[in-house]
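Topology and contacts: notes
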Amino acid sequence: MAGKSNKSKSKAKNGGTSKVAPADLAAGAVGLSSGKPETVDTEVNPSQNPEVSPKTKAAAPVVESSSDGTCVAKKSEDGEIKDGDSAVLEGEDELRLYPMTVKGPSGEQMELQVNPGDSVMDLRQFLLDAPETCFYTCYDLILNTADGMRYHLAEYLEIGEVADVAAGGCTLEMVNALYDDRSVRSHVRRTRELISTDNLHSSLSTALATEYEEKQAASGQREEGETSSSAVESKAKTVPEKDAGQGSAKPEAPELEGLGFMDDTTGLLGNLVFSPPESENNCIDSIAFSSFNPVPGYRRLQGDLLYLDIVSAEGQNYCVTAHTQGFYLNSSKGNVLDPRHAKVNVESATLVGLLRQISEKFTEGFAEVLERKAAGHPFQNVPVLLPPNPWLGAYPPPAHKRDIARAEDSLMVPYGTEVIGMQRDWNEELQSCREFPRENLQDRIMRDRALYKVNCDFVDAATKGAKAVIGRCIPPINPTDPDRFHMYVHNNIFFSFAVDGDFASMQQLREQELQQLADGATKEVEDENAKKVETNEVTPAEAGVVSEVSEVPKVETDSTTAVEREDSKDGNATATPPVVESEQATYASSNNDLKGTKAYNSTDIAGLYTLAMAIVDYRGHRVVAQSIIPGILQGDKTDSLLYGSVDNGKKISWNEKFHSKVLEAGKLLHIKEHEVVDGSGNKVKLCAPVECKGIVGSDDRHYMLDLMRTTPRDANYTGLGSRLCVLRPELIAAFCQVEALDRVKKRKTDGEEADEKILLQEELPKIVLNPNVFTDFKVAGEPEEVAADEELVRKTAKYLVDTVLPKLVQDLSSLEVSPMDGHTLTEALHAHGINVRYLGQVAKLSKHLPHVWDLCVVEMVVRAAKHVLKGVLRETLDQDVGGAIAHFFNCLVGEETQSIPETEATTETTSPVKHVEGVGEVKAPESNGKVSKKKKKQEKNAAAVSPDSDKAGADKTKTEKGEKAAENRPSYLCITSKLVWIDIRECVKFKYQFELPEDARTRICKLSTFRDLCQKVGVMLAARDYTLTSSTPFQITDILDLQAVVKHSAPVCADARDLLESGKVRLAQGKLNEAYELFSEAFTILQQVCGPMHREVANCCRYLAMVLYHAGDMAGAIMQQHKELIINERCLGPDHPDTAHSYGNMALFYHGLNQTELALRHMARTLLLLNVSCGSDHPDVAATFINIAMMYQDIGRMHVALRYLQEALKRNERLLGPDHIQTAVCYHALAIAFNCMGAYKLSFQHERSTYNILLKQLGEDDSRTRDSANWIKTFQLRELQAHAHKQRGRQTQSAVKEAEQLKARSDLVQAFQAAAGTGPGGRGAISKAAAAAALLGDALPRPRGMDERAARAAAEARKKAAARGLNIRPQSGMAGGQGMPPLGDLLSLINSGKVAPPAKTAPAASSSKAATAVKGVTSVNEGKKATADAGKPNSETAAEANGSAEGKVEKVAPLGLGGGLGGLGIESKKRKPRSKNPA
């Protein structure tokens, strides 16, 4: 698009991540051999490309193709792909941009980059967004070339068609044009929009990034030149010792709010609502249309267009004249118009220019507003053409302030019409756009752009018109017909009502069952009375009862459609007439009509037209809005019908020209050309359903209407109420593809050697289905042909049940498809070609997946509750709508209580709503008149009989007052929770053939339930903390708004769609450069067609981010992902699952840049959005926990990481089972975490669990299983090394401890002195038991053969001598004439268990020094040996140690305590030492 810089033009910045199969995810998590833990992401699987990982730095390159297909880095300094010759992606058609100077009307100058293919509309749009020229709306563009030529640029021209901008020297000039009534109003509106700050959108991601940058800048200034030792110490406590010396310092990050954060989500709903900071508008007080309007005739002739009353920020009042040449101040004062110029002549071509001259505060304030808008992301200021309905609003609601501009817009634009001028002819606009040329890409872009804009404008006008129709602001064109058949024409749009046919069918079946019950009860009573009459036992009172048997109260039954559904399996339930007349549209018919319209639009057959269509649901009503065929409302319509039937096949029209166009579309839609028989027996050849209508308008265009059955009827549903149960187009396309492949294989087996693709192209068009089989219309042709058509449709329906449904459940189990709420579940069903009516079967097939079962049940409950709530709203008065919605929500999710008195509750026991007139019209329940009269009569009789007449009169008065109060009560108060759930159960059983469990009310997630219901009905709730355990959690003040829910046939850009699909294929093949080219081109096309605020543009951004992520350009990936996040927030909603995934991907990309704190804050937002949309029990929540744990693990917060990993493991085991791949991912992540903590035994145990799961699921030969086996060996080896190191460390610590004890215990020294005199042959012959006893303070055990009395006497003598300070030498027989060895030798013996060398001379004074020296040497030596032994297996290390010890013991028993009192005993003297080879 014009105006983009070189870098942003060449690289359409959009990207993201695509879903990958969990098997691939497990490969990324388990199949790693580098020893580094990887972040597990359910969206991104970097491990598929071993050269790319989330830890790749941002300086990595971007995409240049090499000979082997890999990507070679090539990147600019700022992290963006450039357009230059050296950086253009290989194979991409270079998009040339040329500088061009733009000169504004007031002398402004700016430069923009343009392409010869840019249109003048593109240039105008850029000038409308640029701050320098944003307030110019009425001007002409003049192109000045280098040769002096001047060209006036028309709207739809391309610049390259006018002049050669590549030659250079071209300039653009903006020249003021004359205003007219329309343009001057548009200018005033534009000025108001520029001044207003209400439309500013701020993404949380943008705010977090800005806050993080400011924090980093501030901390960088503080820490410059400083070294914080306390920070180093706290860091050392956090990071394990093994990581203390590795790499650079990891950033600190605060812990998230904890796992309990997932419990109280309703208290955090306020975080989902963006509340802009309240700031007064300092620009101007007000700009209003003056009460002098309209302009007097004599002034009109002089160029005045309108008058404005302006109050400046300084409080000055001005009256401004809007002239054809601009704006100026007039001299009007008070109530009299003075059109002359003011004394101080102030005029300008723009209103902004005028205000700048009269108000200094406006100049300053306007600059601030433009600066605020420019500070945010550009996508935050782009308007959304079709914004989503928010289901949450700010609480408390913001103050509603005076705004004259808002009031004027509301009152001057009635029900979607234009501000001024004639009404738009929607049909002519739409069909003219379809007739635009489409020979080349640029033509198609212009055509698609015009179609998209017209469709968006039509939907907006249709929504406003439908609300006016429902609000009774527009009169019907057939007021004498019943209300349900009323039709309306407003703003060249045709409006009609559709009724709830499902509830009409349910009511009819209910009435039939109740009638059977009443007939059975009547017959029983009559038989009993007949017997009594025969025996003369009947009493007069009983006789009166017989006459009232017909008033049997209605009883709700759960067997609503059991018989009918059983019969429908055989296709025999056809006796019951249709509930709704064929001329009355139903919900199903309108939905099918919209699907058929989309299907025919997708064929894009020249000369075959469809109408613009939108379905609007509001206040319980459904309104179908369509553009009007020219001439259809005037004159005779019999000649206009050329194709199809208007009377259910009694007369079928046919036209050869029309049939040829329909046949061309039918080939693309797999519709068979066949013959049908009309009411007169004539055979008519059709290629469409019989009830379709082909009409030629007064404009000679051929229109197709009523396309309810473009696809065949579902053979699985042929019973009552299933006339419009048709198959989805996605299923037809998939089935035809499979059937064609089967036929190709058969031809190949028959010996045909043609290429498989060619054969497939030949067979695919041959597979066509007859849409009129299994209907009331008679199909002509041979019986064999009709039977073959029916068999093919049955085969398609069987393919749905036998193949597609199991495949969906398999995808749900493998997490290849992972819906998170009702909307994404519906999208998943439709993508597989499954209708929503199969929800019950999906729930039954997914019982082993608790999260899927819960999701299906919630969706069925919500859809049933939606029908019930709509029935209530249709009959609720305007002033009671808010109370009715709050009361219904309380009945649905509040604690069950009896909200009305028991006597009133029992008067109606069937349903909170009841249908009347057999057409699905719903009325609020009324009080039972008969019961009330009977009650009054009884009270009256009781009062007459009562002796206390005064009391009776008082009671009568009280009763009358109570009845009056009951009559004034809103009708919705008679609805109870029990009645609501009875209707929900009945509806679920009728529509989905599913029995809700008895505890369904308590099992469903309440937050998800009322969130989905709000989105489906259009309710906006206050974002506050709801006490869902209360019986009335919702109050009337919590209902902030009721909005219209719209479905429409949005046009599709086929070129961009094809490019996206091709890009996905290239990305899956690892061809990043080609994928980048395709995604960039798709983004460029989509941005030109529908602007940046569109869901498909977000998809392009997501895929582009994924390409850049795999190429190592984290900064570029973040830029693209940020765009996708903003688009999803604004186009899908702040709590949509896609928005949650956008935040999760942003977190991973930030983590790749080592911005962990920012990443964790994005992860906190992800958890909140996931919990709101799907609850805490979902596999995506577990995957998010794993990602959070990996982030904490990388910064050394292992205790936090373990908490999240253990929670993830619990969820995956509970939701997916203990043998699921995702459970293996959790086990592997835990193994890596324990490995980082040094707990190798736990790592081994968890990796063993990983291996067992992978072995069971993938087999022994899978690479991921082998990788897991390698991990097990790695953990085993590290466990052995750690054990050896631990043993050495324990000996060192024991030596130090024993040395300290030895110095402090004199009795222990005496024990060794007592053992020192045994002579050379028996030196050191003290047993370890004696040494242990001495260490523990016990008496020394006597040696074998010692005289106990002599020993005792000697000990006593030594004690007395010691007390007197004398030194008694040991006996010669004990000491052998030798003294005590030095203390250093003694400690060596204690620590090593080896014999100390003989002592020569050991002065007693050197003992303490020797001990200190030996302590240090021993520690160092032990540390070195432990390090050397760590790399050896345990067996080798132990053998080497034992051999060394035995080699030095030569018939001498070791003296000392060994490894911590572990020395050898006396028996060791008898062992014969083994010889050891010194080598």
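Residues numbered from 1 in each chain as written. Predicted model: local features only at pLDDT ≥ 70, side-chain atom pairs only at ≥ 80, totals over all residues. Heavy atoms only, no water.

1. Points about the side chain of Thr610
If you trace the backbone, Thr610 turns up in the loop between β16 (608-609) and β17 (613-618). Side-chain polar atoms of Thr610 contact the side chain of Asn601, separated by 2.4 Å. Apart from residues no more than four positions distant in its own chain, Thr610 is found in contact with Leu430, Gln431, Arg434, Thr597, Tyr600, Asn601 and Met704. (Helix = DSSP H or I, 4+ residues; strand = E, 2+ residues; numbered from the N terminus. Polar contact = N/O pair within 3.5 Å; in protein donor to acceptor, adjacent residues only side chain to side chain. Contact = heavy atoms within 4.5 Å.)

2. A look at the sheet that holds strand β3 (residues 98-103)
Taken in spatial order, the five strands make up an open sheet running β4-β3-β7-β5-β6, and their pairing is mixed. Since the sheet does not close on itself, it has two edges, and those belong to β4 (109-114) and β6 (150-152), each with one partner. Mean inter-strand twist for the sheet, computed between neighbouring axes without regard to direction, equals 30°. One ladder, built from six bridges, connects strand β5 (residues 139-144) with strand β7 (residues 171-176); its direction is antiparallel. Counted as the bridge partner of Ile142 is Glu173 from β7. Packed on one face of the sheet, helix α3 (residues 120-129) meets β3, β4, β5 and β7 and runs near 115° to β5. (Pairing = 2+ DSSP bridges. Axes fitted to C-alpha atoms, helices over the stretch in contact; angles between N-to-C directions.)

3. Here's the deal with the side chain of His1141
Relative to the assigned elements, His1141 resides in helix α36 (residues 1137-1152). The buried category is assigned to His1141, whose relative accessible area is 14%. Of the polar contacts made by the side chain of His1141, one reaches the side chain of Asp1180; its length is 3.3 Å. (Buried < 20%, exposed > 50% of the residue type's maximum accessible area, 1.4 Å probe, protein only.)

4. Focus on the pattern of salt bridges
Counting across every chain of the model gives 56 salt bridges. In this structure, Arg619 and Asp878 form a salt bridge, with 3.0 Å as the shortest nitrogen-oxygen distance. Of this pair, Arg619 sits in the loop between β17 and β18 (621-627) while Asp878 sits in the loop between α24 (850-874) and α25 (881-893), placing them 259 residues apart in sequence. Note that Glu895 is salt-bridged to Lys1006, the shortest N-O span being 3.3 Å. Of this pair, Glu895 sits in the loop between α25 and α26 (902-905) while Lys1006 sits in helix α31 (residues 1006-1017), and the two are 111 residues apart along the sequence. (Salt bridge = Lys/Arg side-chain N within 4 Å of Asp/Glu carboxyl O.)

5. Notes on the confidence of the model for the protein chain
Predicted coordinates in areas of low pLDDT are best not read in detail. In the predicted model, the protein chain carries a mean pLDDT of 75, and 67% of its residues have values of at least 70. Within the protein chain, β17 carries the highest mean pLDDT (96), whereas helix α2 (residues 22-30) carries the lowest (32). Across residues 532-582, confidence stays below pLDDT 50; counting only partners more than four residues off in sequence or on other chains, it has 68 contacts. (pLDDT = per-residue confidence, 0-100.)

6. Things to note about helix α37 (residues 1156-1174)
Across its 19 residues, α37 extends 26 Å between first and last C-alpha, which sits within 8% of the 27 Å expected from 1.5 Å per residue. Across the 19 residues that make up α37, a large majority, 17, are buried. At the exit of α37 stands Gly1175, carrying a positive phi of roughly 85°. (Expected span 1.5 Å × (residues − 1).)

7. Topic: the pairing of strand β21 (residues 683-686)
Along β21, the buried face is formed by Val684 and Leu686; none of Lys683 and Lys685, which line the opposite face, is buried. Judged from the four bridges that link them, strand β20 (residues 674-677) and β21 form a sheet pairing that is antiparallel. Bridging from a neighbouring strand, Val676 pairs with Val684 of β21.

8. Side note on the nonpolar core
One recurring pattern in soluble globular proteins: nonpolar side chains tend to sit buried together. If you look at the biggest cluster of nonpolar residues, it comprises 214 residues, and the most contacted ones within it are Phe889, Ile984 and Leu1021. In terms of residue count, α24 provides more of this core than any other element does, 15 residues in total. Those residues within four positions of Phe889 in sequence are excluded, and the remaining contacts are Leu869, Gly894, Phe1010, Leu1013, Cys1014, Leu1021 and Phe1034. Counting residues in hydrophobic clusters, the runner-up holds 52 residues, among them Leu153, Cys170, Tyr179 and Leu194. (Core = buried A, V, L, I, M, F, W, Y, C linked by side-chain atoms within 4.5 Å.)

9. Quick word on the environment of Arg124
Structurally, Arg124 is set in helix α3. Placed twelve residues apart in sequence, Arg124 and Tyr136 show a C-alpha to C-alpha distance of 9.8 Å. Setting aside its immediate chain neighbours within four residues, Arg124 contacts Tyr139, Asp140, Leu141 and Glu155.

10. A closer look at the sheet that holds strand β27 (residues 1019-1022)
The strand order across the open sheet formed by three strands is β13-β27-β28, and the pairing between neighbours is mixed. The two strands at the open ends of the sheet, each matched to only one other strand, are β13 (392-393) and β28 (1039-1042). Examined bridge by bridge, β27 and β28 share three bridges and lie antiparallel to one another. Within β28, the residue paired with Val1019 across the bridge is Leu1042. Here α25 sits on the sheet and contacts β27 and β28; the angle it forms with β28, its principal contact strand, is near 110°.

11. Quick word on the packing of α31 against α37
Running from amino to carboxyl end, α31 crosses α37 at an angle of 75°, the nearest separation of the two axes being 6 Å. Of the possible angle classes, the one that applies to α31 and α37 is roughly perpendicular. Contact with α31, carried on its side by Leu1007, Ser1008 and Arg1011, involves Asn1171, Val1172, Ser1173 and Cys1174 of α37 and no other residues of that element. Class assignment of the residues belonging to the contact of α31 with α37 gives a composition of three nonpolar, three polar and one charged. (Parallel < 35°, antiparallel > 145°, perpendicular 65-115°, else oblique. Nonpolar A, V, L, I, M, F, W, Y, C, P; charged D, E, K, R; others polar.)

12. Brief notes about the packing of aromatic side chains
Following the criterion strictly, the structure yields 21 aromatic pairs and no others. Relative to Phe1034, the ring of Phe1010 lies with its centre 5.2 Å away and its plane at 80°, an arrangement referred to as edge-to-face. Taken together, the positions of Phe1010 in helix α31 and Phe1034 in the loop between β27 and β28 put the pair 24 residues apart, joining distant regions of the chain. Using a relative accessible area of 1% as the deciding quantity, one classes Phe1010 as buried. The interplanar angle of 40° and the centroid separation of 5.1 Å between the aromatic rings of Tyr1109 and Phe1149 together place this pair among those described as tilted. Here Tyr1109, found in helix α34 (residues 1095-1110), pairs with Phe1149, found in helix α36; they are 40 residues apart in sequence, far enough to count as distant. There is no split in this pair, since Tyr1109 and Phe1149 are both buried. (Phe/Tyr/Trp six-rings, centres within 6.5 Å; stacked < 30°, edge-to-face > 60°.)

13. A closer look at a negative patch on the surface
Side chains of Glu314, Glu360, Glu364, Glu368 and Glu371 sit close together on the surface and give a patch of like negative charge. We classify Glu368 as partly exposed; its relative accessible area is 45%. (Patch = residues over 30% accessible without salt bridge, like charges linked within 9 Å, V, L, I, M, F, W, Y side chains within 5 Å. Areas by Shrake-Rupley, 256 points an atom, 1.4 Å probe, with all protein chains shown as cover. Lys, Arg positive; Asp, Glu negative; His and termini not counted. Charge placed at Lys NZ, Arg CZ, Asp CG, Glu CD.)

14. Points about the packing of α36 against helix α38 (residues 1179-1194)
Contact pair α36 / α38: the axes reach a minimum separation of 11 Å and the direction vectors enclose 20°. With respect to each other, α36 and α38 are oriented roughly parallel. Taken as a pair, α36 and α38 cross one another with a handedness that is left-handed. For the pair α36 and α38, contact is made by His1141, Ala1147, Leu1148 and His1151 and by Asp1180, Asn1187, Met1190, Met1191 and Asp1194, respectively. The residue makeup of the contact of α36 with α38, split by class, is four nonpolar, three polar and two charged. (Left-handed = near helix turned anticlockwise from the far one by under 90°.)

15. Thoughts on α34
For α34, built from 16 residues, the straight-helix expectation of 22 Å at 1.5 Å per residue is met to within 8% by its first-to-last C-alpha distance of 23 Å. With respect to burial, α34 is a largely interior element, 14 of its 16 residues being buried. Within two residues after α34, Gly1112 carries a phi angle of roughly 90°, on the positive side.

16. Some remarks on the environment of Ala865
Within the element layout of this structure, Ala865 appears in helix α24. Ala865 gets classed as buried once you look at its relative accessible area, which sits at 0%. For the pair Ala865 and Arg985, spaced 120 residues apart in sequence, the C-alpha to C-alpha distance is 9.5 Å. Leaving out residues up to four positions away in the same chain, Ala865 has contacts with Phe888, Leu892, Ile984 and Leu1013.

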